[in-house]
Structures are given as structure tokens and as C-alpha cells.
Amino acid sequence: MPDTVARLACFDRTADALDTAERQGELVVMERQQIREARRQLFGFSAPALPAIFSRGGDAADAEPEVDSVETTLVGAGQDHEGKWTFRLADGSEWRQIDSAPVRFQNRSGMEVRVRRAALGSYLLTAGKSRAVRVKRQ
């Protein structure tokens, strides 16, 4: 019986410490859906510390998959003085063309847009049926 009492006392201390840490902001508890949405919103940004925050330890089967692409719609696009496009998307993100190839697409609000991960940390944006444009998140 003493082992049970000691174990329960240890559990109570640990639970109290966890509760205190959460109240004081030292610990944040997030639901999986919140993590998925945060990953989607951060897609395209380079932030080395974020993977550690949003990764799960333990069984690889429990880990959340990494976001490889985002599908949304175009709010608008414009060209700068160098002729490079900036795309403003419905999810609030903004992407700037970094390659120098000409881009031909229908610049109209509501057009389907897909941004996907490409080689060597780059991203490709496809607006409608246009060719893929190499872009960087702003």
C-alpha cells in the first residue's frame, strides 16, 4: 500500500506543476488542428526554431505530416519595375517571383492558385493553368 500512496502523491505533485506551468505561460497546450493550421499559415517562411516547436516526439506514426503545398485563390497580382510579379493570396500570404522567366496568366481575383515545395528549399506557384513560377514568401 505505501507504494500506491507514494505514486499518487508523485502524480499529484506532477499534475500541480504542469497546471502551474500552463497558468504562468511556461507551457502551452495546443490541439492537433491548431498545429496543422499554424503550419499552413507559416508555409514558405524560413524559421529554423519552428520545426522543434511543432514536431511531436515519440512514435513516428503519431507525427503530423509536413505541409508540402497550399491551395487557395488569388486576391490580386502586380508587377514591379523589374517586371517581377507579386501574388497576394486569399489565405493572407504574399509571394514574389524570383525567377526571370515571363509569366502569362489571367490576373483575376478568385483564380485557383497552388504553391508547392520544390527542390533546395524553393517554392513554385501555379496560377490557374499557367506555368509554374519560382517564388519566395514575403
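For clarity, every value in this text was computed on a predicted model and none was experimentally measured.

> How would you explain the pattern of salt bridges if you had to name every residue and give the values?
All chains considered together, the criterion is met by six salt bridges. The shortest N-O distance in the salt bridge between R96 and D80 comes to 2.3 Å. A residue pair is termed long-range when its members are at least 10 positions apart, and R96 in strand β3 (residues 94–97) and D80 in the loop between β1 (69–79) and β2 (85–89) qualify at 16 residues. According to the relative accessible area criterion, R96 is partly exposed, its value standing at 21%. For D80, a relative accessible area of 25% puts it in the partly exposed group. Between R131 and D99 there is a salt bridge, with the nearest N and O atoms lying 3.6 Å from each other. Of this pair, R131 sits in the loop between β5 (123–127) and β6 (133–137) while D99 sits in the loop between β3 and β4 (112–117); the two residues are 32 residues apart in sequence, bridging distant segments of the chain. Shared partners join several salt bridges into a network, and the residues in it are D80, E82 and R96.

> Residues and numbers for the pairing of β4, please.
Consecutive residues of a regular strand have side chains that alternate between opposite faces of the sheet. Pairing geometry for β1 and β4, over five bridges, is antiparallel. Of the residues in β4, the one forming a bridge with E71 is R114. When β4 meets β5, the two strands line up antiparallel, connected through five bridges. Looking at β5, one finds that R116 is bridged to L124. Hairpin connection, β4 to β5: the antiparallel pair is bridged by five residues, and L120 has positive phi, about 55 degrees.

> Can you break down the nonpolar core residue by residue, with the values?
Core analysis: the largest hydrophobic core is formed by 19 residues, its most contacted members being L74, F87, W95, F105, V115, L125 and V135. For this core, the secondary structure elements donating two or more residues are β1, β2, β4, β5 and β6. In contact with L74, not counting residues within four places along its chain, are F87, R88, L89, F105, N107, R108, S109, G110, M111 and V113.

> Give a detailed account of the side chain of S93, specifying residues and quantitative values.
Of note, S93 is situated in the loop between β2 and β3. Beyond its immediate stretch of four places on either side in the chain, S93 contacts F87, R88 and R137.

> Please give an account of the side chain of Q97 that cites residues and values.
Relative to the assigned elements, Q97 resides in strand β3. At a separation of 2.7 Å, a polar atom in the side chain of Q97 contacts the side chain of D99. Beyond its immediate stretch of four places on either side in the chain, Q97 contacts G83, K84, W85, V103, R131, V133, R134 and V135.

> Lay out helix α2 (residues 32–42) with the relevant residues and their values.
Think of an α-helix as turning once every 3.6 residues; residues three or four places apart then point the same way. Among the residues making up α2, those that are buried are I35, A38 and R39. Each buried residue of α2 sits inside an arc of 100 degrees when the element is viewed along its axis, so together they form one side. Once α2 finishes, G44 follows within two positions and takes phi at roughly 100 degrees, a positive value.

> So what about unusual backbone geometry? Which residues, and what values?
Positive phi outside glycine occurs at L120, with the angle close to 55 degrees. Tracing the backbone through its elements, the reader meets L120 in the loop between β4 and β5. Accessibility expressed as a relative area gives 90% for L120, which makes it exposed.

Cut-off values and rules
- Residues numbered from 1 in each chain as written.
- Predicted model: local features only at pLDDT ≥ 70, side-chain atom pairs only at ≥ 80, totals over all residues.
- Heavy atoms only, no water.
- Salt bridge = Lys/Arg side-chain N within 4 Å of Asp/Glu carboxyl O.
- Helix = DSSP H or I, 4+ residues; strand = E, 2+ residues; numbered from the N terminus.
- Buried < 20%, exposed > 50% of the residue type's maximum accessible area, 1.4 Å probe, protein only.
- Pairing = 2+ DSSP bridges.
- Core = buried A, V, L, I, M, F, W, Y, C linked by side-chain atoms within 4.5 Å.
- Contact = heavy atoms within 4.5 Å.
- Polar contact = N/O pair within 3.5 Å; in protein donor to acceptor, adjacent residues only side chain to side chain.
- Arc of directions from axis to C-beta.

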